[in-house]
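Tertiary structure, described
Spelled out, the chains give:
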Amino acid sequence: MATVAAAAPQAKTASSPGIWTPAYSLWLREIVRFYRQKARVAGVIATPLLFWIVLGSGFAYSFHSSSGSGSYLAYFFPGSVVMIVLFTAIFSMMSLISDRNEGFLLSVLAAPVNRSAIVLGKVLGGATLAAIQGVIFLAFAPLVGDHPGAGAVLLSILAIVLISFELTALGFAIAWPMDSPQAFHAIVNLLLLPLWMLSGALFPADRASGWLAWLMRLNPLSYGVDALRNALFPAEHTLFPLDVNLGITAAFCVLVFAASWAIVNRRTHKPAA
Amino acid sequence: MATMTQSGKPADAIGLAPAAPIELDGITHNYGSRLALDKLSFRVREAEIFGLLGPNGSGKTTLFRILSTLMIPTGGAARIQGFDAGREPNRVRQRIGIVFQSRSVDVKLTAAENLKHQGHLYGLRGAHLQQRIAEVLERVGLLDRADDRVESLSGGQQRRVELAKGLIHAPSVLLLDEPSTGLDPGARRDLWQYLRTLRDQQGVTVLVTTHLMEEAEHCDRVAILSKGKLVALGSPAELKAKIGGDVVTFEAAGPEQAAQLAAEIRNRFGAAGTVLGSTVRVERDRGHRFLTEVVEAFPRRVESVSVARPSLEDVFIDCTGHRFWTEDAQPDPAGGKNKRGEY
């Protein structure tokens, strides 16, 4: 009996890596890659600032917010934060396509890693970068005459984190099946930018014409922008109260994350990467 | 072989006959209507360097994808140490190390960071992982470059990081896809030396795909694929011995003359020759004598002659009736169309 046991091959029982170690590793890689590409850091901070000042100042003359402070720059502020988050989420999920084309993704897919760890690591990585930049942008709030207290800042951060997660997960679900950055850009222009434009970032839903107003209510991003507006400008009139906005945004986070997870877990006879 | 016990473990886990490191059982795969692999069955032995030789379009890339658990075959089963690559991919993944043909390291990270990341994917952590990183980097001779970003390393050094990446979790089966791509002769020699060391010192089973005859010569055994079928399997020496004797080639003035010459050789000497373009190829013992006889018998029909010991290319021609390189190599639909890596 003993000889039989001894004949057993060397059992290299590599323990299952679980979810958190691989997810952490993928998350860390996103962060490290980001700060090692200085142009990305500069671009992502400077672009929305420029956009906010130029576009906001331009619109301010032709468009007057009827409610609250009345300044368009102030109205446009939450939308600008969401735009930064959107840009970063899109850029970081584009890396999924280059990971696939370069071969990095192959070695991840061929590792004994639960697919949900891949989604989690990658999405949390992108969402972290997006959220950090969104939060940094909050520092400009005093420029539009807004001085949020600690509670308002915390609520804003919560809203930014949720928006970052939902947009990054959405980007993941879109980028995963793609193999060319051009195709991804087409979807960005066709879907993600309109999603932002019709989120109440540029103009309020209650001022829009009937069908547009309905489109804006169906847009999940509207609730994120609205939540941020609630938190930053409690006096402003918004479509829904803060808790409803945060709840719907959180629900959408779960939905797109589940969609990403399902897309990654499809069993197929086609090449995985 | 892979009978499952109730615990779900293959028979070898409880000490019965050990499962083969790699076992193919009627593997079939088609991309839509094109059949890429046709009922392939063979077994790779413990601690051998096994070569998968075939021209482009022979199906070796498809087979590599299936073995590395990146694609589920449409028919049959591939088992690694008794575990089915399609059904239990994670158990297979823990046991195999893979070196892809395309670059899989992140060039923005250092060599050590890449290995740390790879270790995390396999559940390695902390001091043990640090030790493994130092070990594998030492083995591939890059310990002094551990903290350099991969983008600053030369092409050959990057390939060595790839190899280190495939070995970080001490796999018992190592799969390499066209490992010599982009390596200079010196680096190739080092690679093969290293693979032999792995086989001899750690009992690692190595599977290498290649389209290069001289590479296949390094392997303990070689499977030759053509159009998705296994056409020959054995050690390079065995395969060449099957041909028997020498390979004698007669060059005629053109394809028609070659066909005529082949017919005349068959009538006169009873030797079956293969016509390849304007040459006639005959396998024959004591080739130099045969060559002289033929030239003397048909002096005006032969433009030039050669005699050689059989090579693996001769084995390929013998098995398929056509040349290795002139096969109408079809583009691989999965690799080509999707642009998803060269491998």
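None of these values were measured; they are calculated from a predicted model. (Residues numbered from 1 in each chain as written. Chains lettered and ligands numbered in written order. Predicted model: local features only at pLDDT ≥ 70, side-chain atom pairs only at ≥ 80, totals over all residues. Heavy atoms only, no water.)

1. Concerning the overall build of chain A
Summing up its helical and strand segments, chain A has 11 helices and 0 strands in all. Taken from the N to the C terminus, the helices and strands of chain A come in the order α-α-α-α-α-α-α-α-α-α-α. For chain A, the residues scored as buried account for 52% of the 273 residues in total. Of the roughly 11700 Å² of accessible surface on chain A, 73% is carried by carbon and sulfur atoms. (Helix = DSSP H or I, 4+ residues; strand = E, 2+ residues; numbered from the N terminus. Buried < 20%, exposed > 50% of the residue type's maximum accessible area, 1.4 Å probe, protein only. Areas by Shrake-Rupley, 256 points an atom, 1.4 Å probe, with all protein chains shown as cover.)

2. Observations regarding the sheet that holds strand β4 (residues 75–80) of chain B
All names here are of chain B. Read from one edge to the other, the open sheet built from 4 strands follows the order β2-β1-β4-β5, with strand pairing classed as antiparallel. At either margin of the open sheet sits one strand with a lone partner, and together these are β2 (34–44) and β5 (83–84). Where β4 and β5 come together, 2 bridges link them in antiparallel fashion. Looking across to β5, one finds that I80 is bridged to F83. Packing against the sheet, helix α1 (residues 60–67) makes contact with β1 (22–31), β2 and β4, and its axis sits at approximately 120° to β1. (Pairing = 2+ DSSP bridges. Contact = heavy atoms within 4.5 Å. Axes fitted to C-alpha atoms, helices over the stretch in contact; angles between N-to-C directions.)

3. Describing the pairing of β1 of chain B
Residue and element names in this part refer to chain B. By the criterion of burial, β1 is predominantly enclosed, with 7 of the 10 residues buried. As defined by bridge partners, β1 adjoins β2 across 7 bridges and the pair is classed as antiparallel. Bridge assignment links I22 to a residue of β2, and that residue is V44. Turn length for the β1-β2 hairpin, with the two strands adjacent in sequence and antiparallel, is 2 residues, and the turn residue G32 shows positive phi of about 60°. By the bridge criterion, 5 bridges tie β1 to β4 in an arrangement that is antiparallel. Paired with I22 across the bridge in β4 is I80.

4. With respect to the confidence of the model for chain A
All names here are of chain A. Residues of chain A with pLDDT of at least 70 account for 88%, and the chain-wide mean is 84. Model confidence for chain A, summarised as mean pLDDT per element, is weakest for helix α1 (residues 2–7) at 36 and strongest for helix α7 (residues 150–175) at 95. Below a pLDDT of 50 lies the segment residues 1–14, which in the model reaches 9 contacts outside its immediate sequence neighbourhood of four places, other chains included. Predicted confidence is poor over residues 65–69, with pLDDT under 50, and the contacts of this stretch with residues over four places away or in other chains come to 8 contacts. (pLDDT = per-residue confidence, 0-100.)

5. Some remarks on the pairing of strand β6 (residues 96–99) of chain B
All names here are of chain B. Along β6, one buried face is formed by I96 and I98 and the opposite face, lined by G97 and V99, is buried too. In the sheet, β6 pairs with strand β7 (residues 173–177) via 4 bridges, with the strands oriented parallel. Counted as the bridge partner of I98 is L175 from β7.

6. Notes on empty space enclosed by the protein
Tallied over the entire structure, the rule returns 3 cavities of 30 Å³ or more. Around the largest cavity, the lining residues are S107 and A110 of chain A together with I98, F100, S104, Q118, Y122, E162, K165 and G166 of chain B. Ranked by the residues each element gives to the lining of the largest cavity, the list is headed by helix α5 (residues 155–167) of chain B, at 3 residues. Classifying every residue of the lining of the largest cavity gives 4 nonpolar, 4 polar and 2 charged. (1 Å grid on protein atoms, 1.4 Å probe; cavity = no way out; pocket = protein on both sides within 12 Å on 5 of 7 lines; lining within 4 Å. Points joined across faces, edges and corners; volume = space filled by probe spheres on them. Nonpolar A, V, L, I, M, F, W, Y, C, P; charged D, E, K, R; others polar.)

7. Concerning the domain arrangement of chain B
Domain annotation of chain B identifies domain 1 (11–238) and domain 2 (245–309). Using C-alpha coordinates to define each centre, domain 1 of chain B is positioned 42 Å away from domain 2 of chain B. (Domains from an automatic or database assignment.)

8. Comments concerning the side chain of H29 of chain B
Along the polypeptide, H29 of chain B turns up in strand β1. Separated by 3.3 Å, the side chain of H29 of chain B and the backbone nitrogen of T74 of chain B make a polar contact. (Polar contact = N/O pair within 3.5 Å; in protein donor to acceptor, adjacent residues only side chain to side chain.)

9. Here's the deal with the pattern of salt bridges
Residue and element names in this part refer to chain B. What the rule picks out here adds up to 27 salt bridges over all chains. With a shortest N-O distance of 2.9 Å, R132 and E135 are connected by a salt bridge. Taken together, the positions of R132 and E135, both in helix α4 (residues 126–139) and 3 residues apart, correspond to about one turn of that helix. Classification of R132 by relative accessible area gives buried; the value is 15%. For E135, a relative accessible area of 33% translates into the label partly exposed. R301 is the salt-bridge partner of E264, the closest N and O atoms lying 3.0 Å from each other. Highlighted residues: E264 in helix α9 (residues 255–269) and R301 in the loop between α10 (287–297) and β14 (304–308), separated in sequence by 37 residues. You can call R301 partly exposed: its relative accessible area is 31%. (Salt bridge = Lys/Arg side-chain N within 4 Å of Asp/Glu carboxyl O.)

10. Points about the packing of helix α8 (residues 181–201) of chain A against helix α10 (residues 220–232) of chain A
All names here are of chain A. Their axes nearest at 8 Å, the elements α8 and α10 cross at an angle of 45°. What the angle tells us is that α8 and α10 run oblique. Considering only the axes of α8 and α10, their crossing is right-handed. Note on element contacts: α10 touches α8 through L221, S222, V225 and R229, opposite L195, W196, L198, S199, G200 and A201. A class-by-class count of the residues in the contact of α8 with α10 yields 6 nonpolar, 3 polar and 1 charged. (Parallel < 35°, antiparallel > 145°, perpendicular 65-115°, else oblique. Left-handed = near helix turned anticlockwise from the far one by under 90°.)

11. Some thoughts on the sheet that holds strand β8 (residues 205–210) of chain B
Residue and element names in this part refer to chain B. As summarised here, the arrangement of the 6 strands in space is β6-β7-β8-β3-β9-β10, forming an open sheet in which the pairing is mixed. Two strands bound the open sheet, and with one partner strand each, they are β6 and β10 (229–234). Adjacent strand axes in the sheet meet at a mean angle of 15°, parallel and antiparallel pairs treated alike. Sheet topology note: the strand β9 (residues 221–226)/β10 ladder contains 5 bridges and is antiparallel. Note on β10: the bridge partner recorded for L225 is L230. Contacting β3 (49–53), β6, β7, β8 and β9, α1 runs over the sheet at an angle of about 150° to β8. Sheet strands touched by helix α8 (residues 236–243): β9 and β10. Its angle to β10, the strand with the most contacts, is close to 105°.

12. Examining α10 of chain A
At 3.6 residues per turn, the α-helix brings residues three or four places apart onto the same side. Residue and element names in this part refer to chain A. Over its 13 residues, α10 runs 19 Å from end to end, which matches the ideal 18 Å to within 8%, given 1.5 Å per residue. The element α10 is largely enclosed, with a buried count of 13 among its 13 residues. The opening residue of α10 is N219, an N-cap whose side-chain oxygen sits 2.9 Å from the backbone nitrogen of L221. (Expected span 1.5 Å × (residues − 1).)

13. Here we look at unusual backbone geometry
All names here are of chain B. Phi at T69 takes a positive value of approximately 65°, unusual for a residue other than glycine. Inspection of the secondary structure assignment puts T69 in the loop between α1 and β4. The backbone of A170 shows a phi angle near 50°, a positive value even though the residue is not glycine. One can find A170 in the loop between α5 and β7.

14. Comments concerning the packing of aromatic side chains
The description of an aromatic ring pair uses the distance of the two centres, along with the angle that the planes make with each other. All names here are of chain B. Under the definition given, this model contains 13 aromatic pairs over all chains. Arranged with centres 6.1 Å apart and planes meeting at 70°, the rings of F250 and F290 form a pair that is edge-to-face. On the criterion of sequence distance, the pair formed by F250 in strand β11 (residues 246–251) and F290 in helix α10 is long-range, its members being 40 residues apart. Relative accessible area serves as the criterion here: at 0%, F250 is assigned to the buried category. Ring geometry for F269 versus F290: centroids 5.5 Å apart, planes at 80°, classification edge-to-face. Taken as a pair, F269 in helix α9 and F290 in helix α10 lie far apart in primary sequence, 21 residues in all. (Phe/Tyr/Trp six-rings, centres within 6.5 Å; stacked < 30°, edge-to-face > 60°.)

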